[in-house]
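Next come the chains, spelled out residue by residue.
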Amino acid sequence: MPPTPQRVWPLLAERLGTELWVKHENHTPIGAFKVRGGLIYLDELTRQQPDCSGIVTATRGNHGQSIPFAARAFGLPVTVLCPTNNSTEKVRAMRAWGAEVELYGVDFEESRQEAVRRAEQEGQHIVGPFHEPLVRGVATYALELFRGAPDLDVVYVPIGMGSGCCGLITVRDLLGLKTEIVGVVSAGADCYAQSFEAGRVVPTNATDTVLGDGMDCRAPWEEPVGIINKGAARVVRVTDDEIAEAMRAYYTDTHYVAEGAGAAPLAAALQERDKLAGKRVGVILSGGNVDAALFAAVLSGRTPTRTAA
């Protein structure tokens, strides 16, 4: 896939009060950064396991587009497990890429556990939400960003299961840069923030976010927690109201659509506006896949709700 652009938008810069670079991962073939990891993962899987007969995975959305998008080139069937309240349009997109989508569980963690059980039962290959080839693939956006917008002082990145943030940290360290990496989570799904503050894995019992569905995690994994805790400057919580304001800002200032997780880094930068004066700031617009009705509610200022897919 071609590189995605990183751009400075004057109105966004005025809003933040300093130089702001947006990494447009909404420009990938699936409209989100996850496609990079899927391409690398499937390429390596088919080399190492040429007899693989099928794949099972779980997602809230963009990972579930990435895997079938990449698997089509190899003729591999993909089954995707999603929560019952998943984004309707993301489910439609997954099916359009060729995935068999099943709705299961109240949240991502229940879907993930069922995907593991299903893969073991049916002898299929399970693709988890965090794996070295997935992170290496995702990390290519970080390399593009640091080459295209050198000398960034700080970059804000959303955290779901952590591949995007870990990719940024890894590339930053390999290049020997001093850029601060700031992770961003939903205030209603803040297990990675709690894990950062505690210095260890801290799961939560439940999550409570509508707009932060791409960051809707309650069971962090040890490997990404270790990388983030060691390499991030901090992890910032943003509310659904702050995410909604950032989604509106993207649309009015750039006329691009950002999904909740994609807008969360801008929301965090705006929250920390006072400490960013005079700095070169980067934000990862990780995707633009948001249901039309949900986005219309955000633009109108109404409280967004989502029905089951």
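The structure under discussion appears in the preceding block.
Every chain is numbered on its own, with residues counted from 1 as its sequence reads. The predicted origin of the model limits local features to residues at a pLDDT of at least 70 and limits the giving and counting of side-chain atom pairs to 80 or more, whereas totals for whole chains, interfaces and linings rest on all residues. As a rule here, side-chain values come from all non-hydrogen atoms in the structure, and water together with hydrogens is ignored.

Engineer: Please explain the pairing of strand β10 (residues 281-285) as it appears in this structure.
Structural biologist: Looking along a regular strand, one sees side chains alternate from face to face of the sheet. The buried label applies to any residue whose accessible area, calculated with a 1.4 Å probe on protein chains only, is under 20% of its type's maximum; exposed applies above 50%, and partly exposed to all values in between. Here a helix means four or more residues in a row that DSSP labels H or I, a strand means two or more in a row labelled E, and each is numbered from the N terminus. For β10, a buried count of five out of five residues is recorded, marking the element as mostly surrounded by other parts of the structure. Of the two faces of β10, the one carrying Val281, Val283 and Leu285 and the one carrying Gly282 and Ile284 are both buried. As paired strands, strand β2 (residues 20-24) and β10 are joined by five bridges and run parallel to one another. Within β10, the position partnered with histidine 24 by the bridge is leucine 285. At least two bridges found by DSSP between two strands are what make those strands a pair. Here strand β7 (residues 154-158) pairs with β10 via three bridges, running parallel. Paired with valine 154 across the strands is valine 281, a residue of β10.

Engineer: I would appreciate a short explanation of the sheet that holds strand β4 (residues 78-82) in the present structure.
Structural biologist: What holds strands together in a sheet is hydrogen bonding between their backbones, with the strands either parallel or antiparallel. If you walk across this open sheet you meet the four strands as β5-β4-β3-β6, and the pairing is parallel. The two strands at the open ends of the sheet, each matched to only one other strand, are β5 (100-103) and β6 (125-127). Neighbour-to-neighbour, the strand axes of this sheet turn through a mean angle of 25°, independent of strand direction. Two strands pair when backbone bridges link them, and strand β3 (residues 55-58) and β4 are joined in this way by four bridges, in the parallel orientation. Within the sheet, the bridge partner assigned to valine 56 lies in β4 and is threonine 79. Sheet contacts for helix α2 (residues 35-48): β3 and β6; angle to β6, the most-contacted strand, approximately 155°. Note on geometry: axes are C-alpha line fits, over the in-contact stretch for helices, and angles between N-to-C directions span 0 to 180 degrees. The criterion used for residue contact is that any of the two residues' heavy atoms lie within 4.5 Å.

Engineer: What exactly am I supposed to notice about the nonpolar core here?
Structural biologist: Here the nonpolar core consists of buried residues drawn from Ala, Val, Leu, Ile, Met, Phe, Trp, Tyr and Cys, with membership extended through side-chain atoms lying within 4.5 Å. Residues Tyr141, Val155, Leu168, Ile181, Tyr192 and Ile228 are the most contacted members of the largest nonpolar core, which totals 38 residues. When residues of this core are traced back to their parent elements, those giving at least two are β3, α5 (108-122), α6 (132-148), β7, α7 (163-174), β8 (180-186), α8 (191-198) and α9 (222-231). Top contributing element to this core by residue count: α6, with seven residues. Ignoring anything within four residues of it in the chain, the contact list for tyrosine 192 reads Ile159, Gly160, Met161, Val185, Cys217, Pro220, Trp221, Pro224, Val225, Ile228 and Val235. Among the nonpolar cores identified, the runner-up in size contains 35 residues, and Val22, Leu211, Ala244 and Ala269 belong to it.

Engineer: Explain the packing of aromatic side chains here, please?
Structural biologist: Each pair of aromatic rings is reported with the distance of its centres and the angle of its planes. Put simply, two rings from Phe, Tyr or Trp (the six-membered ring, in Trp's case) pair if the centres are within 6.5 Å, and we call them stacked under 30 degrees between planes, edge-to-face over 60, tilted for the rest. On inspection of all chains with the given rule, the structure shows four aromatic pairs. Ring centres of tryptophan 9 and tyrosine 256 lie 5.9 Å apart, and the angle between their planes is 75°; on these two criteria the pair is classed as edge-to-face. In this pair, tryptophan 9 is assigned in the loop between β1 (6-8) and α1 (10-16) and tyrosine 256 in the loop between α10 (240-254) and α11 (260-271), connecting sequence segments 247 residues apart.

Engineer: Where do I start with the side chain of glutamate 144 in this structure?
Structural biologist: As for its placement among the helices and strands, glutamate 144 is situated in helix α6. Filtering out sequence-adjacent residues up to four positions away, glutamate 144 remains in contact with Pro3, Thr4, Gln6, Lys23 and Arg36.

Engineer: What should I look at first to understand the environment of cysteine 166 in this one?
Structural biologist: Within the element layout of this structure, cysteine 166 appears in helix α7. If sequence neighbours within four positions are ignored, cysteine 166 has contacts with Phe130, Val135, Pro224, Ile227 and Ile228.

Engineer: I keep staring at the environment of methionine 247 and nothing clicks. Help me out?
Structural biologist: The topology assignment puts methionine 247 in helix α10. Counting along the chain gives 19 residues from methionine 247 to leucine 266, while the straight-line C-alpha distance between them is 8.6 Å.

Engineer: What is the right way to read the state of the cysteines from this model?
Structural biologist: When the sulfur atoms of two cysteines share a covalent bond, that bond is a disulfide. By definition, disulfides here are pairs of cysteine sulfur atoms that lie within 2.5 Å. Enumeration according to the criterion identifies zero disulfides in this entry. No disulfide involves cysteine 165; its sulfur sits 5.8 Å from the nearest other cysteine sulfur, which is in cysteine 166. Overall, cysteine 165 belongs to the buried group, its relative accessible area being 0%.

Engineer: What am I meant to see in the environment of leucine 276 here?
Structural biologist: Tracing the backbone through its elements, the reader meets leucine 276 in the loop between α11 and β10. Judged by relative accessible area, which is 1%, leucine 276 ranks as buried. Measuring from C-alpha to C-alpha, the distance between leucine 276 and aspartate 153 comes to 9.1 Å, with 123 residues separating the pair along the chain. Setting aside anything within four residues of it in sequence, one finds leucine 276 in contact with Leu16, Thr18, Val154, Tyr156, Ala269 and Val281.

Engineer: Can you walk me through unusual backbone geometry in this structure?
Structural biologist: Most of the time, phi is negative for any residue but glycine, and the peptide bond is trans. You will see that aspartate 151, though not glycine, has its phi angle at about 65°, which is positive. For aspartate 151, the position within the fold is in the loop between α6 and β7. One non-glycine residue, histidine 255, lies in the positive phi region at around 60°. If you trace the backbone, histidine 255 turns up in the loop between α10 and α11. Judged by relative accessible area, which is 60%, histidine 255 ranks as exposed.

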